[in-house]
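Analysis of the macromolecular model
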Amino acid sequence: MKIRLLLTFVALLFCGIGFAQQPKTISGTIVGADGMPLPGAEVKVIGKNIFDITDFDGNFVLEGVVEGDTFRVTFLGFKPQELPVVGANDYQITLEEDAAALDEVVVVGYGTQRKADLTGSIVTIESEEIEKTPTSNVMQSLQGKVAGVQITSVGSPGNSPNVRVRGLGTYTSGTNVLYVVDGALYDNIDFLSTKDIKSINVLKDASSSAIYGVRAANGVIIVETKSGRINQKPQFEYDGYTGVQRAQDVVKMANAEQFTTMVYESGSQADIQFVLNAMQRFGRSRVNPNVPDVNTDWYDEILREGLIQSHSIGVSGGGDNVTYSVGANYFAQEGILDMKNEYERFNIRSKMDVDITDRFKTSVNMVFSNATQFQPDNAAWFNAYFAVPILPVIDPLNTAASPVRYANAQLLGYRNTQNPLPITKFNEDRLKIRKLLATMDFQYEIIEDKLDIKTTYSHNFSALEERYVNLPYTLGNNYEVQSSIKRENNSFSNQYWDNVLTYKDHIGDHRFTAMVGTSFRDEAVNELEVTGERIRGIGLESSWYLDFADPESFNNNVKEIGKRYYGMSYFGRVSYSFMDRYLLYGTFRADGSSKFTLDPWGYFPSVGLGWVISEENFMDNVGVIDFLKLRAAWGKLGNDNVAASAGSNTIDVVSAPFGDNPRTGIVSTSVFSNNTWEVIEELNFGVDLEVLENRLSLTADYYIRDTENAILPVYIPIVDQSIERNSGVIRNQGLEFSGNYFGNIGEDFEFSIGANFTTLKNEATQIEDDRGYIDSGSAEFRQRTIEGGPLFGFYGYERVGVYQNQAQIDADPIAVSNNLVPGDLIYRDQNNDGMITDEDRVVLGSFLPDFTYGGNIAMNYKALDFSMSFYGQAGNKILNRRRGEIIFTNDTNMDADLAINRWHGEGTSNNYPSAAGMRKAWNQRLSDFWVEDGDFFRIQTIQLGYTVEQEDLPWMRVYVTAERPFSFFDYNGFTPEVPDGVDRQTYPVPSIYTVGINVKF
């Protein structure tokens, strides 16, 4: 009986199992936390070849599953989910966003890599941060957001900001970073709108950049543009904003009363007479009869508010085998200089990816950019600084002036006309910039999910048409400007052809990728320049062509030059991970360049090591640490972004005595140099840490970056000239730190806080020049690169104070021997020889900051969002050359800071000389009186937005933005952001206030 019952139970059990394992079909819908469907999510049964991709509405179907199976749902940017197959046949699945997953894969050179596997220094900025900045150039939006990257703003419409990655590593002009946009290489990305960008990756160290070879010596910035998704319905998007720009921190100039006071204090009888002439011509002030009845604020006369606007529209989507993204952007910006000064650009962008077969795919990217830029005449800034306030804009008595009766300071006795208004009204400099950029690639998967080959061709063609027109005018006193026109037609063609073979595999605890490839480049430039004068019918723009200029004026005014360079490269890379703990990364690149005839080939290796400590068993009980990795990397890069050759053969006729008779002969000297590669060698140590359930992430890097064989201008005494040669070593070293924290309070309030900090020490550690230094700048405003000092250091005298009284003069032999008086500057006698000579000059500082910092705060409460970012730098110096050029002419105005703080009696100032002293050669020497601190702190961007999400309305966000609303600095100029540290006529960087709307449907 027991046996019979047992058999019956076993039979029923097997029947139950057989019934449970009957195949069936299940279906479901996958949505995000906001309830929106997620098309393109992958649903796969674990251990079986059963899978599906969600459609436009997030739906999926799995056939042939049995109860007890487990299926996994994955979608980029969301945490994966695993669910068992149970009795239900319909599943409603909500995926949770995963900020860590968004950063899991990073775009690197010729491929991608898991973020956890990185051994170099790479930073990613997502589109949400980039789009917050109203700007014509995408790089401006990165200012203050990436440690180790210094971005210097520009105010002139259409101009690109200056970008430096980890300091200044080359003495010559080839300091541009390399931009890689969807695999194509560019020197500039002014053809992109911020709405085109999906993400930007900054490759900072040599190990990360080495795969790009000679183009990567100054850093690499990889840009990924937006694309569609598989099985995505067409999504339309419009984003537009409009606003106003205003000059900030306008320099206050001495007014008429302050100017007149300084003139009388100067003791210059000629200048006093000029003031009296102004009183006679324009009358006396009713407030102060000793001052002319004119008080012109010249900066106010040449400044204006400028409009800015941007409108972008795009559509993206995809089917089973095709994804696409198409967009257009219109951007327009008026300059704040009141003249024909503006920038207008229209871009069209398309991106398409096609899966021709399961293993064969292709993509095509195209961008057409058509821009028109009216450049400012920056001499207006210079003239406005020097123009005396006792001169009006219009002088009705100046009947000789035409076509406008602008005032002329020469009629008062001054040497120059000074009035900046004719410069702004009678000049028009127009640039038409057209770019066509195309990239096509084909990729074939030789072994599924393991081995593939990819070939990419890209062509960047740019045409630059420049027209500089000077209209005729007269200002009286025989001052007349003739009409002239200069035309420049320049074309640039850069072609690249890359072939890459990549193998990926994962065997047990071993995961590795091997890649080899070749790259060919062809760069061609053609430049034509012609200048003509005395244009017929100048009043009509239809006459602004060379045909209307005097043919004889073309003599010696026609120039044409063409250049062409070739390069061929072979490269390879291996990355290896064992147990996700121990990481190895290595690259090797052989570069050939037609620029170097002596040694055309350079060989550049790199290696990186990483240890993910948090994956070790002994870290299992350390609950506070979620991720901890140590990194070390070393690499070399070549730089051929220098002159192909330099020098000349020189023959001089000389006379010398031979015995008792003079003889004449020739001396032949060759200063021709065959330059070779500048080689950048960099060592980088880093640590990555994530704690508090990945909410707090910290990254720190220390680097030493040497440019060996640096091309420097070497002085050749025998021919009394300098020639550029491989003759030195330049070092940049520093510490970079960044941290980010993400948190929430309840379900409705989320916030994030981020900060970064960078130190930089720049120096020339070796100079192969008999003098031990290299001079640059002018003799009056000397910059000197000294072995052990920074590049282009400001070189002059160090002030101690100002002589206050005659007793102090009498007690100082230096003052007595130089006939100094109270109100003159006291210089430090560096060598204590009792004299102030050239030997007492020292390096007064560098235009490169000692450290930079930035940060951001973002908050979201329900439909309301707020963000703010800040940026600052310290330790850099600025040569206030506008002030310093008083050495060339003394009969000009000066800024109010000098007028107010000048020495005008004992104890009134120990920093500034007297009004009379500023006219003396002793006080006009280059010193730290003219070299000022460039430290500043700025509220970079403030944005407030509100999102509307309703079933009967498209997704909509309205926002207001303030860009650079507040800046804090002591420098006496419009802005402390001066790319080369010499402020003579720097265009002010304005504040921008905009309102915008973003709509998706």
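You'll find the structure just up there.
Everything numeric in this text was worked out from a predicted model, so none of it was measured.

Definitions and limits used
Residues numbered from 1 in each chain as written. Predicted model: local features only at pLDDT ≥ 70, side-chain atom pairs only at ≥ 80, totals over all residues. Heavy atoms only, no water. Helix = DSSP H or I, 4+ residues; strand = E, 2+ residues; numbered from the N terminus. Rg over C-alpha atoms; globule rule 2.2 N^0.38 Å. Buried < 20%, exposed > 50% of the residue type's maximum accessible area, 1.4 Å probe, protein only. Contact = heavy atoms within 4.5 Å. Areas by Shrake-Rupley, 256 points an atom, 1.4 Å probe, with all protein chains shown as cover. Phe/Tyr/Trp six-rings, centres within 6.5 Å; stacked < 30°, edge-to-face > 60°. Lys NZ or Arg CZ within 6 Å of the ring centre and 35° of its normal. Axes fitted to C-alpha atoms, helices over the stretch in contact; angles between N-to-C directions. Left-handed = near helix turned anticlockwise from the far one by under 90°. Nonpolar A, V, L, I, M, F, W, Y, C, P; charged D, E, K, R; others polar. Patch = residues over 30% accessible without salt bridge, like charges linked within 9 Å, V, L, I, M, F, W, Y side chains within 5 Å. Salt bridge = Lys/Arg side-chain N within 4 Å of Asp/Glu carboxyl O. Lys, Arg positive; Asp, Glu negative; His and termini not counted. Charge placed at Lys NZ, Arg CZ, Asp CG, Glu CD. Pairing = 2+ DSSP bridges. Core = buried A, V, L, I, M, F, W, Y, C linked by side-chain atoms within 4.5 Å. Expected span 1.5 Å × (residues − 1). Arc of directions from axis to C-beta.

1. Thoughts on the overall build of the chain
Across its full length, the chain holds 14 helices and 55 strands. By the compact-globule yardstick of 30 Å for 1001 residues, the chain fits well, its C-alpha radius of gyration being 34 Å. Taken along the three principal axes of its C-alpha coordinates, the chain extends 135 × 80 × 65 Å. Put simply, the chain has 1001 residues, and 51% of those count as buried. Summarising the internal contacts of the chain: among those between residues at least 6 apart in sequence, 69% fall at separations of at least 24. Working note: accessible area of the chain is about 44900 Å², and carbon and sulfur atoms make up 54% of it.

2. A few points about the packing of aromatic side chains
Counting across every chain of the model gives 38 aromatic pairs. Seen in terms of ring centroids, Tyr741 and Phe751 are 5.9 Å apart; in terms of plane orientation they differ by 40°. Their pairing is tilted. Linking Tyr741 in strand β39 (residues 728–745) with Phe751 in strand β40 (residues 749–759), this pair joins segments that are ten residues apart in sequence. The class of Phe751 is partly exposed, set by a relative accessible area of 22%. Both rings, one in Tyr871 and one in Phe936, keep their centres 5.7 Å apart while their planes meet at 65°; by these two values the pair is edge-to-face. Residue Tyr871 is located in strand β49 (residues 864–874), and its partner Phe936 is located in strand β52 (residues 936–948); the two are separated by 65 residues in the primary sequence. Taken together, the aromatic side chains of Phe757, Phe851, Tyr853, Phe870, Phe937 and Phe968 make up a single cluster linked through ring pairs. Above the plane of the ring of Tyr773 lies Arg784, whose end atom (NZ or CZ) is 3.7 Å from the centre. One Lys or Arg, Arg925, reaches over the ring of Tyr797 and ends 5.3 Å from the middle of that ring.

3. Details of the packing of helix α5 (residues 256–266) against helix α6 (residues 269–282)
Where α5 contacts α6, the two axes come as close as 8 Å, and the packing angle between them is 145°. The crossing of α5 and α6 is left-handed. Residues Phe259, Thr260, Val263 and Tyr264 of α5 pack against Asp271, Ile272, Val275 and Leu276 of α6. Residues that form the contact of α5 with α6 fall into these classes: six nonpolar, one polar and one charged.

4. Observations regarding a negative patch on the surface
Taken together, the side chains of Asp34, Glu97, Glu750 and Glu949 define an acidic patch exposed on the protein surface. One can find Asp34 in the loop between β1 (24–31) and β2 (42–45). When its relative accessible area of 55% is taken as the criterion, Asp34 is described as exposed.

5. Quick notes on the sheet that holds strand β3 (residues 51–53)
Strand order in this open sheet of four strands is β3-β2-β5-β6, and the pairing throughout is antiparallel. The sheet is open, and its two edges are formed by β3 and β6 (81–84), each paired on a single side. Each strand axis lies, on average, 15° off the axis of its neighbour in the sheet, ignoring direction. With four bridges joining them, β2 and strand β5 (residues 70–74) adopt antiparallel strand pairing. Paired with Lys44 across the strands is Arg72, a residue of β5.

6. Re the environment of Lys559
Within the secondary structure, Lys559 sits in strand β29 (residues 558–578). For Lys559, a relative accessible area of 52% puts it in the exposed group. In the structure, Lys559 is positioned 53 residues away from His506 in sequence and 60 Å away in space, judged by C-alpha atoms.

7. Structural notes on a nonpolar patch on the surface
A surface patch of nonpolar side chains, amounting to about 600 Å² of accessible area, comprises Tyr861, Leu864, Leu944, Tyr946, Val958, Val960 and Val995. Listing elements by their share of the nonpolar patch, those giving two or more residues are β52 and β53 (955–969).

8. Some remarks on the pattern of salt bridges
Enumeration according to the criterion identifies 62 salt bridges in this entry. The shortest N-O distance in the salt bridge between Glu523 and Arg521 comes to 3.0 Å. As far as the burial class goes, Glu523 and Arg521 line up, both buried. The network of salt bridges with common partners includes Glu131, Lys195, Lys226, Glu237 and Asp239.

9. Quick look at the pairing of strand β18 (residues 306–318)
Here strand β17 (residues 232–246) pairs with β18 via twelve bridges, running antiparallel. When the sheet's bridge partners are listed, Gly240 is paired in β18 with His311. For β18 and strand β19 (residues 322–334), the ladder comprises eleven bridges, and the chain directions are antiparallel. For Val315, the partnering residue across the bridge sits in β19 and is Val326. Hairpin connection of β18 to β19: three residues between the antiparallel strands.

10. Thoughts on the sheet that holds strand β16 (residues 220–225)
Taken in spatial order, the five strands line up as β10-β15-β16-β13-β14 in an open sheet, and their pairing is mixed. Whereas interior strands pair on both sides, the edge strands pair on one side only; in this sheet they are β10 (122–126) and β14 (184–186). The mean inter-strand angle of the sheet, taken between neighbouring strand axes irrespective of direction, is 20°. In this structure, β10 lies alongside strand β15 (residues 197–203), joined through five bridges in antiparallel fashion.

11. Observations concerning the nonpolar core
Counting residues in hydrophobic clusters, the biggest one holds 87 residues, and the most contacted among them are Tyr299, Ile390 and Tyr414. Val138, Val163, Val177 and Tyr179 belong to the second largest nonpolar core, which has 25 residues in total.

12. Some details on α6
Taking 1.5 Å of rise per residue, the 14 residues of α6 would be expected to cover 20 Å, and the 20 Å separating its terminal C-alpha atoms lies within 8% of that figure. Residues of α6 that are buried: Asp271, Ile272, Phe274, Val275, Ala278, Met279 and Phe282. Down the axis of α6, the buried side of the element spans an arc of 155°, and every buried residue falls inside it. In this structure, α6 carries Gln269 and Gln280 as exposed residues pointing more than 90 degrees from its buried face. The elements touched by buried residues of α6 are α5.

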